[in-house]
Amino acid sequence: QVQLVESGGGLVQAGDSLRLSCAASGRAFSNHAMAWFRQILGKEREFVAAISRSGAFTAYADSVKGRFTISRDNAKNTLLLQMNNLKLEDTAVYYCAARKMFLPMSTYANEYDYWGQGTQVTVSS
(Lines give C-alpha, C1' and ligand atoms only; values in the text may rest on other atoms or scores of the structure.)
Protein backbone atom coordinates (compact mmCIF):
# COMPACT_ATOMS: atom_id res chain seq x y z
CA GLN A 1 0.00 0.00 0.00
CA VAL A 2 1.31 3.45 -0.86
CA GLN A 3 -0.29 6.82 -0.28
CA LEU A 4 0.41 9.72 -2.62
CA VAL A 5 0.05 13.45 -2.10
CA GLU A 6 0.62 15.92 -4.93
CA SER A 7 1.62 19.55 -4.55
CA GLY A 8 2.94 22.41 -6.64
CA GLY A 9 -0.01 23.20 -8.86
CA GLY A 10 -1.18 26.73 -9.46
CA LEU A 11 -2.05 29.47 -11.91
CA VAL A 12 0.66 30.44 -14.38
CA GLN A 13 0.92 32.18 -17.72
CA ALA A 14 1.65 30.52 -21.02
CA GLY A 15 5.38 30.02 -21.42
CA ASP A 16 6.00 29.78 -17.68
CA SER A 17 7.38 26.80 -15.77
CA LEU A 18 5.99 24.83 -12.85
CA ARG A 19 7.24 21.86 -10.86
CA LEU A 20 4.87 19.32 -9.40
CA SER A 21 5.83 17.06 -6.51
CA CYS A 22 4.31 13.84 -5.30
CA ALA A 23 5.19 12.65 -1.80
CA ALA A 24 4.80 8.93 -1.23
CA SER A 25 4.33 7.20 2.09
CA GLY A 26 5.77 3.83 2.95
CA ARG A 27 9.20 2.25 2.80
CA ALA A 28 8.98 0.62 -0.63
CA PHE A 29 8.73 3.63 -2.91
CA SER A 30 11.61 2.40 -5.04
CA ASN A 31 9.68 -0.80 -5.80
CA HIS A 32 6.90 1.10 -7.59
CA ALA A 33 6.90 2.34 -11.15
CA MET A 34 5.33 5.80 -11.14
CA ALA A 35 3.54 8.11 -13.53
CA TRP A 36 1.77 11.41 -13.97
CA PHE A 37 -1.65 11.67 -15.56
CA ARG A 38 -3.92 14.64 -16.09
CA GLN A 39 -7.61 15.12 -16.48
CA ILE A 40 -9.89 17.84 -17.74
CA LEU A 41 -13.42 17.85 -16.36
CA GLY A 42 -15.61 15.64 -18.48
CA LYS A 43 -12.74 13.93 -20.23
CA GLU A 44 -10.82 10.74 -19.62
CA ARG A 45 -7.61 10.73 -17.65
CA GLU A 46 -4.67 11.29 -19.99
CA PHE A 47 -1.15 9.89 -19.71
CA VAL A 48 1.59 12.49 -19.26
CA ALA A 49 4.80 10.73 -18.22
CA ALA A 50 6.04 7.57 -16.55
CA ILE A 51 9.25 6.47 -14.88
CA SER A 52 10.70 3.11 -13.98
CA ARG A 53 11.45 2.01 -10.44
CA SER A 54 15.09 2.99 -10.64
CA GLY A 55 14.46 6.11 -12.69
CA ALA A 56 16.59 4.83 -15.54
CA PHE A 57 13.69 4.68 -17.99
CA THR A 58 11.06 7.27 -18.79
CA ALA A 59 8.20 7.71 -21.23
CA TYR A 60 6.28 10.80 -22.31
CA ALA A 61 3.12 11.68 -24.14
CA ASP A 62 3.89 13.29 -27.47
CA SER A 63 2.09 16.45 -26.36
CA VAL A 64 4.60 17.09 -23.56
CA LYS A 65 7.79 15.58 -24.97
CA GLY A 66 10.64 18.09 -24.86
CA ARG A 67 8.78 20.34 -22.39
CA PHE A 68 8.13 18.11 -19.35
CA THR A 69 10.62 16.04 -17.37
CA ILE A 70 9.69 13.30 -14.93
CA SER A 71 12.15 12.30 -12.23
CA ARG A 72 12.20 10.62 -8.86
CA ASP A 73 14.23 10.70 -5.68
CA ASN A 74 13.90 7.28 -4.10
CA ALA A 75 15.79 8.36 -1.00
CA LYS A 76 13.16 11.04 -0.39
CA ASN A 77 10.12 9.05 -1.60
CA THR A 78 9.37 11.82 -4.07
CA LEU A 79 8.19 11.96 -7.66
CA LEU A 80 8.65 15.17 -9.64
CA LEU A 81 7.32 16.66 -12.84
CA GLN A 82 9.15 19.67 -14.21
CA MET A 83 6.91 21.47 -16.69
CA ASN A 84 8.44 24.10 -18.95
CA ASN A 85 6.97 26.27 -21.68
CA LEU A 86 3.46 25.61 -20.44
CA LYS A 87 0.61 25.94 -22.90
CA LEU A 88 -3.07 26.67 -22.46
CA GLU A 89 -3.87 23.06 -23.29
CA ASP A 90 -1.80 21.87 -20.30
CA THR A 91 -4.55 23.14 -18.01
CA ALA A 92 -5.86 20.14 -16.05
CA VAL A 93 -5.83 18.38 -12.73
CA TYR A 94 -2.57 16.45 -12.47
CA TYR A 95 -2.40 13.13 -10.64
CA CYS A 96 0.54 11.01 -9.63
CA ALA A 97 0.06 7.27 -9.69
CA ALA A 98 1.90 4.13 -8.64
CA ARG A 99 1.76 0.59 -9.90
CA LYS A 100 1.83 -2.37 -7.57
CA MET A 101 5.33 -3.37 -6.53
CA PHE A 102 7.74 -4.73 -9.12
CA LEU A 103 5.47 -4.17 -12.12
CA PRO A 104 6.94 -2.22 -15.06
CA MET A 105 5.93 1.32 -15.89
CA SER A 106 2.92 1.74 -18.11
CA THR A 107 1.13 4.45 -20.06
CA TYR A 108 -2.35 3.11 -19.22
CA ALA A 109 -4.23 4.61 -16.30
CA ASN A 110 -6.12 1.41 -15.55
CA GLU A 111 -2.83 -0.35 -14.81
CA TYR A 112 -2.06 1.94 -11.87
CA ASP A 113 -3.36 0.98 -8.47
CA TYR A 114 -2.58 3.95 -6.26
CA TRP A 115 -3.53 7.55 -6.93
CA GLY A 116 -3.10 10.92 -5.30
CA GLN A 117 -5.89 13.44 -4.87
CA GLY A 118 -4.68 15.64 -7.72
CA THR A 119 -3.37 19.18 -8.03
CA GLN A 120 -4.82 21.82 -10.34
CA VAL A 121 -2.63 23.42 -12.98
CA THR A 122 -4.14 26.38 -14.81
CA VAL A 123 -2.32 28.08 -17.67
CA SER A 124 -3.63 31.46 -18.78
CA SER A 125 -2.80 33.54 -21.85
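Because the structure is a prediction, the values reported are computed rather than measured. Along every chain, residues carry numbers that run from 1 in the direction the sequence is written. Only residues with pLDDT of at least 70 get local features here, since the model is predicted, and only at 80 or more are side-chain atom pairs given and counted; chain-wide, interface and lining totals rely on the full set of residues. Side-chain calculation: all heavy atoms of the structure are included, whereas hydrogens and water are not.

**Here's the deal with the overall build of the protein chain**
Part 1 of the reasoning: The way it works is that DSSP assigns letters per residue, a run of H or I at least four long becomes a helix, a run of E at least two long becomes a strand, and they are numbered from the N terminus. Per the secondary structure count, the protein chain includes 0 helices and 11 strands.
Part 2 of the reasoning: When the helices and strands of the protein chain are placed in sequence order, the string is β-β-β-β-β-β-β-β-β-β-β.
Part 3 of the reasoning: Its C-alpha atoms give the protein chain a radius of gyration of 13 Å, within 12% of the compact-globule value 14 Å for 125 residues.
Part 4 of the reasoning: In this scheme, a residue with accessible area under 20% of its type's maximum is buried, one over 50% is exposed, and one in between is partly exposed, where area comes from a 1.4 Å probe on protein chains only. By residue count, 42% of the 125 residues in the protein chain fall in the buried class.
Part 5 of the reasoning: Restricting the contact set of the protein chain to residue pairs at least 6 apart, pairs at least 24 apart contribute 59%.
Part 6 of the reasoning: Using a 1.4 Å probe, accessible areas were evaluated by the Shrake-Rupley method; residue-level cover was limited to the displayed protein chains. A total accessible area of about 6500 Å² is found for the protein chain, and carbon and sulfur atoms account for 49% of it.
Part 7 of the reasoning: Side chains of the protein chain give 13 positive and 10 negative charges; the mean places of these two sets differ by 6 Å. As defined in this context, the radius of gyration uses C-alpha atoms, and a globule is described by 2.2 Å times the residue total to the power 0.38. Residue contacts are counted whenever heavy atoms from the two residues lie within 4.5 Å of one another. In this count, Lys and Arg are taken as positive residues and Asp and Glu as negative ones, while His and the chain termini are left out. Positions of charges follow a simple convention, taking NZ of Lys, CZ of Arg, CG of Asp or CD of Glu.

**Considering the nonpolar core**
Part 1 of the reasoning: Throughout, nonpolar core names a set of buried Ala, Val, Leu, Ile, Met, Phe, Trp, Tyr and Cys residues whose side chains join them through atoms within 4.5 Å. In this structure, L4, W36, L79, L81, M83 and Y94 are the most contacted members of the largest nonpolar core, which totals 34 residues.
Part 2 of the reasoning: Put simply, the parts of the chain that give this core at least two residues each are strand 3 (18-24), strand 4 (34-39), strand 5 (46-51), strand 7 (68-73), strand 8 (78-83), strand 9 (92-98) and strand 11 (119-124).
Part 3 of the reasoning: Once you skip the residues sitting within four places of it in the chain, L4 turns out to touch C22, A23, A24, M34, C96, A97, A98, Y114, W115, G116 and Q117.

**Some words on the pattern of salt bridges**
Part 1 of the reasoning: Within this document, salt bridges are pairs made up of a side-chain nitrogen of Lys or Arg and a carboxyl oxygen of Asp or Glu, the two lying within 4 Å of each other. Here the structure, examined in full by the defined rule, presents 5 salt bridges.
Part 2 of the reasoning: In this structure, E46 engages R38 in a salt bridge whose closest nitrogen and oxygen atoms are separated by 2.8 Å.
Part 3 of the reasoning: According to the relative accessible area criterion, R38 is buried, its value standing at 5%.
Part 4 of the reasoning: Put simply, D62 and K65 hold a salt bridge, and the shortest N to O gap is 3.2 Å.
Part 5 of the reasoning: The network of salt bridges with common partners includes R38, E46, R67 and D90.

**With respect to the sheet that holds strand 8**
Part 1 of the reasoning: Spatial ordering of the open sheet is given by 1-3-8-7, a layout of 4 strands whose pairing is antiparallel. Strand pairing shows two members of the sheet lacking a second neighbour, strand 1 (4-7) and strand 7, which therefore form its edges. Taken over all neighbouring pairs, the strand axes of this sheet differ in orientation by 15° on average, direction set aside.
Part 2 of the reasoning: Strand pairing requires that DSSP identify at least two bridges connecting the strands. Across 6 bridges, strand 7 lies against strand 8 in antiparallel orientation. By the bridge assignment for strand 8, D73 is matched with T78. Only the stretch in contact is used when a helix axis is fitted, and all axes are lines through C-alpha atoms; the angle between N-to-C directions ranges over 0 to 180 degrees.

**Here's the deal with the packing of aromatic side chains**
Part 1 of the reasoning: For this analysis, a ring pair means two rings from Phe, Tyr or Trp (six-membered ring only for Trp) whose centres lie within 6.5 Å, classed as stacked if their planes differ by under 30 degrees, edge-to-face if by over 60, and tilted for the remaining angles. Applying the stated criterion to the full structure yields 5 aromatic pairs.
Part 2 of the reasoning: On the numbers, 5.7 Å between centres and 70° between planes, the contact of F37 with F47 is edge-to-face. Here F37, found in strand 4, pairs with F47, found in strand 5; they are 10 residues apart in sequence, far enough to count as distant. When sorted by exposure, F37 lands in the same class as F47, which is buried.
Part 3 of the reasoning: Ring centres of Y95 and W115 lie 6.4 Å apart, and the angle between their planes is 80°; this geometry places the pair in the edge-to-face category. One end of the pair, Y95, is in strand 9; the other, W115, is in strand 10 (residues 114-115), and 20 residues separate them in sequence.
Part 4 of the reasoning: Here W115 falls in the partly exposed class, since its relative accessible area comes to 27%.
Part 5 of the reasoning: Here the aromatic cluster, defined as three or more aromatic residues joined through ring pairs, consists of F37, F47, Y95, Y112 and W115.
Part 6 of the reasoning: Here the guanidinium or amino end of R45 rests over the ring plane of Y95, the centre of that ring lying 3.8 Å away. Charge-over-ring placement is defined geometrically: NZ (Lys) or CZ (Arg) within 6 Å of the ring centre, and within 35 degrees of the ring normal.

Keep in mind these values describe shape, not function.
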